There are 2 protein chains.
Amino acid sequence: MSQPVQHLAIVGAGMIGASWAALASAHGLAVSAYDPHEVARERFLGHVERARSQLTELGLTGNGAVSFSTDLAEALAGAGFVQENGPENEAVKRALLAQIDAALPPDAIIASSTSALVRSAIVADCARPERVVVAHPFNPPHLVPLVELVGADEGVVERAAAFYRGLGRRPVVLNREMPGHIANRLASALYREAVYLVEQGVASVADIDAALCNGPGLRWALMGPHMTYHLGGGEGGIAGYLAHLGPSQVRRWQSLGDPSLDAETQAKIVAGVAEEAQGRSIAELEARRDEGLLAVLKARTLVSA
Amino acid sequence: MSQPVQHLAIVGAGMIGASWAALASAHGLAVSAYDPHEVARERFLGHVERARSQLTELGLTGNGAVSFSTDLAEALAGAGFVQENGPENEAVKRALLAQIDAALPPDAIIASSTSALVRSAIVADCARPERVVVAHPFNPPHLVPLVELVGADEGVVERAAAFYRGLGRRPVVLNREMPGHIANRLASALYREAVYLVEQGVASVADIDAALCNGPGLRWALMGPHMTYHLGGGEGGIAGYLAHLGPSQVRRWQSLGDPSLDAETQAKIVAGVAEEAQGRSIAELEARRDEGLLAVLKARTLVSA
């Protein structure tokens, strides 16, 4: 058995890195962050502070020390776990992970937040690739519980999963790597149809968005699609659903659209989102989203308890 | 200007009809329900009572009278609005809507809850098809706010939308009819990819469900996909997102799966859902879903206020 992780190193101290740092600190871990750009320091510490105050609302009152350095070796020193959040560029990430791998004792775990790259490509230059996992969070990582895990060594994946569970996350383990992992593939499939409905002029962008968040999106904050159909299948559950409505589900799949994201459709989407935003800035909308997420997370906690 | 609706008739008194009845009653409307089967009476009234008590938790304390009849003319008498929830069979619904249409004065609106049929097919035998709309709710309709509206007459659609807004619903207007309307098409697109990931063995059914409801599903309880990408686009918003990440979104679409829902995959799904349910009955899972929906709806109300 390995010791519980006491010290998390963050490599790449943008928004995602700062969210991870806030989450770990709020659970009492020491956090040392690295970013090559000194200019990142102030924004990083400011974001950690804002995220920490949100986490306090969720009852997380830990207060692990958070430091920032432009020296990688300094940030990595003593860390039992590293969360890498560098640029989404395969060559850059591959070199960065190899550098981290070379600097750490063998029992430390290295996790990459990558959303778009696959594990096999980015661990290729590591001397100990088996201790490197993909651990993809959802934005903002200090609030959204999902962490998608891809690894090559079962023991490492289990230790990583335990680490994230300790941070109140819900790790989901992929049996093999897939571009986009799971959740972004689901989101992308849904978005293709949303764009098709815009392209075809079926409804406004605002109404298509409203149809999701006032309908299936509400239920999907509580359960996934299989369980949703299980409850939609009457007394026969999912087996009854598939037996009776499976054929119509397959027909629906055949009727789904294959839109192009050409200039005309992009312009429709941009104009539609502007109408939907009703003059609110991205910062305002983000603040509202985070407020909403906090409220929903609190609600889910009450229900689970 | 027409008078506000004081009396809603429910045609088809199953679970959906009972949910509509509870919602209208909790907003103070008189409700008269019709079902050809006397045996439906007790279950209908029981479900209305349970749904009413949930609505009380949301602060809806209206108490409109609710009646049940096996006589259609009796249930329709005096109704300004009819919500039809008959079987999802085109011939049956077409005949039923024609019968309702013939029995009502011209200014009453007739709405069909149909999920799978399109408006043009089911209004074909009505003498006044222009006053018939599709108004598709999401299960359970007394909790989930979405109502998808399809009509032929702008004035009728606007009156129907006002009626549903008065019941605290969020009507979404389709510019033209589409099989599956909007939300079920989005759900179906997402489900196709979920089934693909099961078929390919990428993760367990439970983990695929967890990836949705701990990740994008949480955000989608608050905002739709376009607004989500608007906030994921950095300072450039949705325009920046489409310009920089549009091509990778299109590549992702091309990589999505096209699964078959054959016996083997169905068996995997059924076994996976059984594992996920951990012995909980459908009734228990439904109760938990409704409890969760109530909590999330209360949370959203706090954020909107």
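Residues numbered from 1 in each chain as written. Chains lettered and ligands numbered in written order. Predicted model: local features only at pLDDT ≥ 70, side-chain atom pairs only at ≥ 80, totals over all residues. Heavy atoms only, no water.

Participant: Please explain the overall build of chain A as it appears in this structure.
Facilitator: When you go through chain A residue by residue, the secondary structure sums to 13 helices and 8 strands. Here the C-alpha atoms of chain A give a radius of gyration of 21 Å, agreeing with the 19 Å that 2.2 N^0.38 yields for 305 residues. Principal axes of the C-alpha set define a box for chain A whose edges measure 55 × 45 × 45 Å. Out of the 305 residues in chain A, the part that is buried amounts to 58%. Summed over all atoms, the accessible surface of chain A reaches about 11,900 Å², with 53% contributed by carbon and sulfur. Counting 25 positive and 33 negative side-chain charges, chain A places the averaged centre of each group 5 Å from the other. (Helix = DSSP H or I, 4+ residues; strand = E, 2+ residues; numbered from the N terminus. Rg over C-alpha atoms; globule rule 2.2 N^0.38 Å. Buried < 20%, exposed > 50% of the residue type's maximum accessible area, 1.4 Å probe, protein only. Areas by Shrake-Rupley, 256 points an atom, 1.4 Å probe, with all protein chains shown as cover. Lys, Arg positive; Asp, Glu negative; His and termini not counted. Charge placed at Lys NZ, Arg CZ, Asp CG, Glu CD.)

Participant: Could you clarify how one ought to interpret the interface of chain A and chain B in this entry?
Facilitator: Interface size is often expressed as the accessible area that is lost when the parts come together. If you look at the interface, chain A gives 100 residues, while chain B gives 100 residues. Both faces considered, chain A and chain B share a buried interface measuring about 9,800 Å² in area, 70% of it formed by carbon and sulfur atoms. Three residues, Tyr191, His226 and Trp253 of chain A, lead the burial of chain A against chain B; their summed loss comes to 8% of the area buried on that side. Where chain A meets chain B, there are 4 salt bridges. As a salt-bridge pair, Asp207 of chain A and Arg170 of chain B come within 3.3 Å of each other at their nearest N and O atoms. Connecting chain A to chain B are 32 residue pairs in polar contact (both at pLDDT 80 or more). Among the elements that take part in the side of chain A that touches chain B, helix 7 (residues 183-199) of chain A stands out by supplying 16 residues, more than any other. (Contact = heavy atoms within 4.5 Å. Buried area = accessible area lost by both parts, 1.4 Å probe. Salt bridge = Lys/Arg side-chain N within 4 Å of Asp/Glu carboxyl O. Polar contact = N/O pair within 3.5 Å; in protein donor to acceptor, adjacent residues only side chain to side chain.)

Participant: What is the right way to read the packing of aromatic side chains from this model?
Facilitator: Residues and elements named next belong to chain A. Overall, the coordinates contain 15 aromatic pairs over all chains when judged by the stated rule. The interplanar angle of 50° and the centroid separation of 5.5 Å between the aromatic rings of Trp20 and Tyr164 together place this pair among those described as tilted. Pair noted here: Trp20 is in helix 1 (residues 15-26) and Tyr164 is in helix 6 (residues 154-166), with a separation of 144 residues, a long-range link. Each of the two residues, Trp20 as well as Tyr164, counts as buried. (Phe/Tyr/Trp six-rings, centres within 6.5 Å; stacked < 30°, edge-to-face > 60°.)

Participant: Looking at this model, I keep getting lost on the state of the cysteines. Mind explaining?
Facilitator: Disulfide: a covalent bond formed between the sulfur atoms of two cysteine residues. Counted under the stated rule, the structure contains 0 disulfides over all chains. Unpaired in this structure, Cys213 of chain B has its nearest cysteine sulfur neighbour in Cys213 of chain A, at a distance of 17 Å. Given a relative accessible area of 9%, Cys213 of chain B falls into the buried group. (Disulfide = S-S within 2.5 Å.)

Participant: What am I meant to see in the environment of Ala152 of chain B here?
Facilitator: Here Ala152 of chain B is to be found in the loop between strand 7 (146-150) and helix 6 (154-166). With 23 residues separating them along the chain, Ala152 of chain B and Asn175 of chain B place their C-alpha atoms 9.2 Å apart.

Participant: Is there a simple way to explain the packing of helix 10 (residues 225-232) of chain A against helix 8 (residues 205-213) of chain B in this structure?
Facilitator: The description of two helices packed together rests on the angle between their axes and the distance between the axes. Packing of helix 10 of chain A against helix 8 of chain B leaves a shortest axis separation of 7 Å and a crossing angle of 100°. Our classification of the angle between helix 10 of chain A and helix 8 of chain B gives roughly perpendicular. Contact with helix 10 of chain A, carried on its side by Pro225, His226 and Met227 of chain A, involves Val205, Ile208, Asp209 and Leu212 of chain B of helix 8 of chain B and no other residues of that element. Of the residues contributing to the contact of helix 10 of chain A with helix 8 of chain B, the split by class is 5 nonpolar, 1 polar and 1 charged. (Axes fitted to C-alpha atoms, helices over the stretch in contact; angles between N-to-C directions. Parallel < 35°, antiparallel > 145°, perpendicular 65-115°, else oblique. Nonpolar A, V, L, I, M, F, W, Y, C, P; charged D, E, K, R; others polar.)

Participant: Help me out: how do you make sense of the domain arrangement of chain A in this one?
Facilitator: All names here are of chain A. Parsing chain A into structural domains produces domain 1 (7-173) and domain 2 (183-222 + 260-304). Taking only C-alpha atoms, the centre of domain 1 and the centre of domain 2 are 28 Å apart. Between domain 1 and domain 2, the residue contacts involve 13 residues of the former and 9 residues of the latter. Carbon and sulfur atoms make up 64% of the area that domain 1 and domain 2 hide from each other, which totals about 960 Å². For the pair domain 1 and domain 2, the number of links is 1 salt bridge. With a shortest N-O distance of 3.5 Å, Glu57 and Lys298 are connected by a salt bridge. Remark: the boundary between domain 1 and domain 2 carries 2 residue pairs in polar contact (both at pLDDT 80 or more). (Domains from an automatic or database assignment.)

Participant: I'm lost on the relation of the copies chain A and chain B in this one. Help?
Facilitator: For these two chain copies, the linking operation is a rotation about an axis paired with a shift along it. Least-squares fitting of chain A to chain B yields an RMSD of 0.0 Å, with the transformation described by 0.0 Å of translation along the axis and a rotation of 180°. The symmetry that links the two subunits is that of a two-fold axis. Of all interface residues in chain A, 100% are interface residues in chain B too; the two copies therefore contact each other through one and the same surface. (Least-squares fit on C-alpha atoms with pLDDT ≥ 70 in both.)

Participant: Just checking my understanding: could you explain the sheet that holds strand 4 (residues 81-84) of chain A for this structure?
Facilitator: Either a parallel or an antiparallel arrangement is found when strands of a sheet pair, and the pairing is made through backbone hydrogen bonds. Residue and element names in this part refer to chain A. Judged by pairing direction, the sheet is mixed, and its 8 strands sit side by side in the order 3-2-1-4-5-6-7-8 without closing on themselves. In the strand order of this sheet, the two ends are held by strand 3 (66-69) and strand 8 (170-173), each with one partner. Strand-to-strand twist of the sheet, defined as the mean angle between neighbouring strand axes without regard to direction, takes the value 25°. Where strand 1 (residues 7-11) and strand 2 (residues 30-34) come together, 5 bridges link them in parallel fashion. Across the sheet, the residue bridging to Ala9 is Ser32, located in strand 2. Where helix 6 meets the sheet, its contacts fall on strand 1, strand 4, strand 5 (109-112), strand 6 (132-137), strand 7 (146-150) and strand 8, and the angle it forms with strand 7 comes to roughly 170°. (Pairing = 2+ DSSP bridges.)

Participant: In this structure, what is going on with the nonpolar core? I would like to understand it.
Facilitator: Buried together is how nonpolar side chains tend to be arranged in soluble globular proteins. One finds Tyr164 and Ile182 of chain A together with Tyr164 and Ile182 of chain B to be the most contacted residues of the largest nonpolar core, which totals 192 residues. Apart from residues no more than four positions distant in its own chain, Ile182 of chain B is found in contact with Leu197, Val202, Ala203, Ile208 and Ala211 of chain A together with Glu148, Val172 and Leu174 of chain B. (Core = buried A, V, L, I, M, F, W, Y, C linked by side-chain atoms within 4.5 Å.)

Participant: Which parts of the structure should I look at to understand the pairing of strand 8 (residues 170-173) of chain B?
Facilitator: Two faces, one strand: in a regular strand the side chains alternate between the faces of the sheet. Sheet topology places strand 7 of chain B next to strand 8 of chain B; 4 bridges connect them, and they run parallel. Bridge pairing links Leu149 of chain B to Val173 of chain B in strand 8 of chain B.

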